[in-house]
Amino acid sequence: MALSGIVRAARGRWARPLSCAVPPVGTGDRGHRGHTGVRVYTGHTGDRGHTGVRGHTGHTGDRGHTGVRGHTGGPGHTGVRAVPGVPGAPGVRGHTGAPVDTGHTGVPSAPGVPGHTGAPGVPGHTDVPGVPSAPGAPGDTIFALSSAPGRCGVAVIRASGPGSQGALRSLAGPPGLPPPRLLALRSIRDPRTAETLDRGLVVWFPGPHSFTGEDCAELHVHGGPAVISGVLGALGRLPGLRPAEPGEFSLRAFRRGKLDLTAAEGLRDLIGAETEAQRRQALRQLRGELGALYGTWSRALTQALAHIEALIDFSEDDGLGEAVLPRALGAVRALEREIRAHLRDGRRGERLRAGVRAVIAGPPNAGKSSLLNLLCRRPAAIVSPVAGTTRDVLEVPLDIGGFPLLLSDTAGLRDPRDPLEREGVTRARDRLCQADLVLAVLDVTSVSPTPGSLGAALAALQPPPDTPCVLVLNKADLLGGQGVSPSATCAQGHPVTLLSCKTGQGLEALLELLGQQLAQLCGNPLLGSPSLTQTRHSRHLEACATALSRFGDIIGDTGDISGDLAVAAEQLRVARRELGRITGSVGADDILDVIFRDFCVGK
Amino acid sequence: PGHRRASGELGAAAAPRYEVVVIGGGHAGTEAAAAAARGGARTLLLTHRIGTIGEMSCNPSFGGIGKGHLLREVDALDGLCGRVCDRSGVHYKVLNRCKGPAVWGLRAQIDRGLYKENMQKEILSTPLLTVREASVEDLLLTEPEPGRPGKCQVTGVVLGDGSTVCAGSVILTTGTFLRGMIHIGLETHPAGRLGDQPAIGLALTLEKLGFAMGRLKTGTPPRLAKDTIDFSGLEERAADIPPVPFSFLSEAVWIKPEDQLSCYLTRTSLKAQEIIRDNLHLNNHVRETTRGPRYCPSLESKVLRFPDREHQVWLEPEGLESNVIYPQGMSMTLPPELQEQVIKTVPGLEKAKMLQPGYGVQYDFLDPRQLTASLESRLVQHLFLAGQINGTTGYEEAAAQGVIAGINACLRVQGKPPFTVSRTEGYVGVLIDDLTTLGTSEPYRMFTSRVEFRMSLRPDNADARLTLRGFEEAGCVSQQRYEQAVKMRAALDEGIATLKSLQFSISKWSQLLPGVPISSSRRSPASAFDILQYRDVNLEILAKAVPEPLGKLAQWRELAERLKIEAAYEWCVVSQQQEMAEVRHDEALELPDDLDYFAIDASLSAEVREKLDAHRPQTIGAVSRIPGITPAAIVNLLRFVKTNHRKTEKLKAVPQTGECFPGKMYSGKATSQRQISAEFSEEEKKFVKTSS
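Residues numbered from 1 in each chain as written. Chains lettered and ligands numbered in written order. Predicted model: local features only at pLDDT ≥ 70, side-chain atom pairs only at ≥ 80, totals over all residues. Heavy atoms only, no water.

**Student:** How should the sheet that holds strand E5 (residues 105–110) of chain B be read in this particular structure?
**Tutor:** The strands that make up a sheet are held in pairs by hydrogen bonds between backbone atoms, and each pair lies either parallel or antiparallel. Residues and elements named next belong to chain B. Read from one edge to the other, the open sheet built from 3 strands follows the order E3-E5-E4, with strand pairing classed as antiparallel. Each edge of the sheet is formed by a strand with only one pairing partner; in this case those strands are strand E3 (61–63) and strand E4 (89–95). Direction aside, neighbouring strands of the sheet carry axes that sit 20° apart on average. Where E4 meets E5, 6 bridges bridge the pair, whose relative direction is antiparallel. When the bridges of E5 are listed, Lys93 appears paired with Arg107. Sheet strands in contact with helix H2 (residues 67–76) are E3 and E5, and its direction is about 80° off that of E3. (Pairing = 2+ DSSP bridges. Helix = DSSP H or I, 4+ residues; strand = E, 2+ residues; numbered from the N terminus. Axes fitted to C-alpha atoms, helices over the stretch in contact; angles between N-to-C directions. Contact = heavy atoms within 4.5 Å.)

Structure (structure tokens):
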């Protein structure tokens, strides 16, 4: 049996021994791969004065001239600025030194602003300043998988920004930070659950001696999708950290002068190519069903926003009608529900991290526990020819084709009289309801191999709706060679395979089938970097849904304008921007197009 | 004729010379001329007729949603129109009152006659500003300054009588006069506004210089005699009491609140639709393909696009003593007798007398993507353009560009860095960035929906955003206004600090303010600033509960109102700050004006190169707003920013290069040039003296 390399019974979790401790040389060079894009984030936000901001290019930053002005105001024609009623004005300009600010004074208060409308139950916007995905904050720290995506020996995850140090401490401490620029072997844990995700090498690059010039941290971990997604997920839950936008590492490096021109000369084609590749890849990912879904949302949100904008910009017109606000509110609420449902359903990233929950189910004595034992290559479950041997749920973690699988063996589904077995069946049903994947085991001798009867047998197990099932016809050895051709047989669209737990016959086919199902469930890690993309997507979708719900809170249930409509519209703009980071942004002209298409406004 | 020349005796022998010459006396021209003069430039305003300065050529109103924001910003830069409106308005109304102070639209019906009179008074008494009646036929051009984009530079203008006027900078604000064509029914005749001459010679010059032009159309409704309208069955809309002034300098407006006039609302019927539909063949303007404004549609286009419904018509007074009513919403280009028929189908207008028919105007505009953010042409150095000629519509849009062009024309002559407003700083910044980056295919109008940072760029804080900068960097703001803005700013800072430092537990606040449903779920203690965010709380209520130290804040009404707004928007503004910083950073990354996008060695697709060349973005921020530009293109362009930055760094190391002294390059040219040169050299000496 060619099991090794495909199925590995896990010791502990699905951690594997650390066999390839030496990271590939030159990961630093690869670091700017795969992060491309445009957004500009630097530490200049604190500097609200105009001069400081504009000074970068030197065009306007040359303030020396302004100061001169007052002195030229002699008898000549230039400097004398005649201001009616203000004698002696010339000569003052440029020397006042009064602070230039845009007028929004005061230090931003900590999160926890009261409900703007003050109505009871309004959730007080407490989350506003902390909305995670707004980029560009001074304390903004980004992270991403910076090695090539997909399964590989070692994956490099990099973080850049002031939070890198804290992130390294949280994930890879104790014993504290390793010495700068030296590899250290650490257990890498999810700080939330203290669960060990992997053991790997970590490096700490204090700024400015790093690729981006900021504080940077690198985690070199095993290249399995579960580990990568686990680490990315753990990083994403740390305050102040967010997934990098495409290209952001390179841009940060560029902005900080870390990529000097010679380096940039060599790199620019790479950056350009990578950016293009990423863009194409993102497009490819968005072209499928998911892309269509995001597109629908984008149009719905754009329309709702446009209608609210029309209420603001054309409030004097009668072309709008009274139903505009309630309709927009309805659309926004529906959209929020959809996105939230999607976030709950689209658990692919989470499945990668926590494992796909596969449940073996079937009538008693079909060989469910034998299947479990076969798959984990050890007698984990007690097997006997007596129906109803298994009473409790038995769970075994497995790694199949690189995908993590949590396999549960359950009691045979029948209507038992024995109270102990009855409890076992209840538990089996509970577990079945939460399954991501059902392995339905039937005794091949007990069913006729027609699609109809197979379907009926499967339905009798009552698997949760819309859950993928694999129908395993066990005891193939009893057929004595005269068998059905299982690959051609389907039960209600679910694949069917023949197996003999006793002889191992048909195991390869089952494993291949399982691998396909897992790839579907987890997303295919060989296509780009799904975990990263998905973390990024769900991050933006989460922020989008949050903004949509704030919109609902401000408008209120009545659908009249109880709050500030400009503030409400701002929530839709935030939502639009978040969604736009996935689907591409929508400009003011697109909004106006919708307004003029839908309403007779203007006079 | 009959008007005195405002000031400035012109020498007879040599051509007169001004630092700034403004062509056109409309809303852009008056603001531009006044701003240049305020900045210290000897300025000449050239207009066909002094009597038309300050003419409100279309609607008798100023402000509105988005436009009111622009107006406040013009005022914050010490522009004229806000102040003049506060001396001429007859009906003040804040629109969007219930939708939040960030989108309040200050608006007023203005007495046309008074506005014109007050504007002329203002213009004719502005120091350093000379007004002259003349038509402009051509521009005086010479070699360009090296090191800047442009195929030539303007040094003056040729007048209708063949004489010339020399100028350091020229501002073109000719509105719809460039090959303006009036349409009424099937009749067309060349003109700008009715009764004025179109500017043809100038249009030819601009075309010869290679300016890309487009054609736009707009319209105006017929005018009605007030005493023939039956207002009895119509819905009346009374003005606000008290009226909210436009200008930061005005404590109150000139008119007594109770003396304000009302507007009336009526609607068109299906009968009007029938007349319009039956006579489309008589309506050239509507049938033609030139782009008109979608938001200011003619009645014809409304009927065609949204049939079988009523369309509202506002009857607006044109002045206190005026018998003219402006029917807002009834722009038409039908033949006059048919316009009369349409009018008579409208309730209240059955017996209305049409004083003047509505008409359409088609005119040339110059693609504004040929301008920099300071509104200087990239083709012709020292030539600035403002107003409708750039493809905009509206008095406020014109005035806002006028102020910016005036300031920059003046700074240019003085050899100082340009004064530009960022999208993060003002509606005027959004307006100019949209125009110069994206161009326009219909008359551009301001909307709040165009503004990313609407929560921060509010009518209430325009002074804080622009007045200080205007004073310090542009020199276009009076000392008095500056001091007032500084005082207000200090008071706001202090007020916010006071409010934030006053902290009580939530239960204490609930006890102090029994009428206010304070959420118990929020953190405790809360500051008075936090509490002020509640909708039902204002400073007066707070001051009653905690007289010390809040009593004195509540006494200054304007301050109290502004503190309330600051509190209400604080969280929004804070959450926008990150994005604002991002935009500002991108805006600071400038692209060279003369970048040849087809030649640069970067991996850019042909399509992207074409787009970049067509839009000529000035900053990376602008690049990111051009539709269809890929992230890769932006990354590659960043390199050029970087290179450029280095170059300028090097340039800066050599102090006072010739860039600021254009005249120096042209000594030995024509007489007038030599004169300019001499004057500039004089200036140069001063510069060197003071800066060493």
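That covers the picture; the talk isn't over yet.
**Student:** Help me understand the sheet that holds strand E12 (residues 213–220) of chain B, please; the structure alone is not making it clear to me.
**Tutor:** Residues and elements named next belong to chain B. Spatially, E11-E10-E19-E12 is the arrangement adopted by the 4 strands of the open sheet, whose pairing is antiparallel. Whereas interior strands pair on both sides, the edge strands pair on one side only; in this sheet they are strand E11 (187–190) and E12. Going from strand to strand, the sheet's axes swing by 25° on average, the running direction of each strand aside. Where strand E10 (residues 181–184) and strand E19 (residues 359–366) come together, 3 bridges link them in antiparallel fashion. Paired with Ile182 across the strands is Val361, a residue of E19.

**Student:** Is there a simple way to explain the environment of Leu320(A) in this structure?
**Tutor:** Residue and element names in this part refer to chain A. You can see Leu320 is positioned in the loop between helix H8 (289–313) and helix H9 (324–345). By relative accessible area, which is 9% here, Leu320 ends up buried. The spacing of Leu320 and His307 is 13 residues in sequence and 8.6 Å in space, taken between C-alpha atoms. (Buried < 20%, exposed > 50% of the residue type's maximum accessible area, 1.4 Å probe, protein only.)

**Student:** Explain the nonpolar core to me, please; I cannot follow it from the model alone.
**Tutor:** Note on soluble globular proteins: their nonpolar side chains tend to be buried together. Val21(B), Phe62(B), Tyr115(B), Ile123(B), Leu139(B), Val157(B) and Ile407(B) are the most contacted members of the largest nonpolar core, which has 109 residues in total. When residues in this core are grouped by element, the largest group, 12 residues, is from helix H10 (residues 395–413) of chain B. Among the nonpolar cores identified, the runner-up in size contains 53 residues, and Ala306(A), Leu311(A), Leu592(A) and Phe447(B) belong to it. (Core = buried A, V, L, I, M, F, W, Y, C linked by side-chain atoms within 4.5 Å.)

**Student:** Would you take a moment to explain the pairing of strand E6 (residues 129–133) of chain B for this structure?
**Tutor:** Side-chain direction in a regular strand flips from residue to residue, so the side chains alternate between the two faces of the sheet. All names here are of chain B. Most of E6 sits out of view: 4 of its 5 residues are buried. Pairing of strand E2 (residues 43–47) with E6 involves 5 bridges; the strand directions are parallel. By the bridge assignment for E6, Thr43 is matched with Leu129.

**Student:** Hey, could you run me through the pattern of salt bridges in this one?
**Tutor:** Two side chains that carry opposite charge are able to pair once their charged atoms sit near each other. Residue and element names in this part refer to chain B. Tallied over the entire structure, the rule returns 43 salt bridges over all chains. Between Arg83 and Asp78 there is a salt bridge, with the nearest N and O atoms lying 3.5 Å from each other. An identical accessibility class is assigned to Arg83 and Asp78; each is buried. Taking the shortest distance from any N to any O, the salt bridge between Asp367 and Arg369 comes out at 2.9 Å. Residues Asp367 and Arg369 agree in their burial class; the two are buried. (Salt bridge = Lys/Arg side-chain N within 4 Å of Asp/Glu carboxyl O.)

**Student:** How should I be thinking about the confidence of the model for chain A in this particular structure?
**Tutor:** Residue and element names in this part refer to chain A. Looking at chain A, pLDDT values average 67 and 58% of them are 70 or higher. For chain A, per-element mean pLDDT is lowest for helix H2 (residues 50–54), which scores 31, and highest for helix H4 (residues 164–172), which scores 90. Here residues 524–532 scores under 50 on pLDDT; set against residues more than four positions off or in separate chains, the count is 27 contacts. (pLDDT = per-residue confidence, 0-100.)

**Student:** Hey, could you run me through helix H12 (residues 462–474) of chain B in this one?
**Tutor:** Of all 13 residues in H12(B), 13 are buried, a share of seventy percent or more. Phi for Gly475(B), located one or two positions after H12(B), is positive at around 65°.

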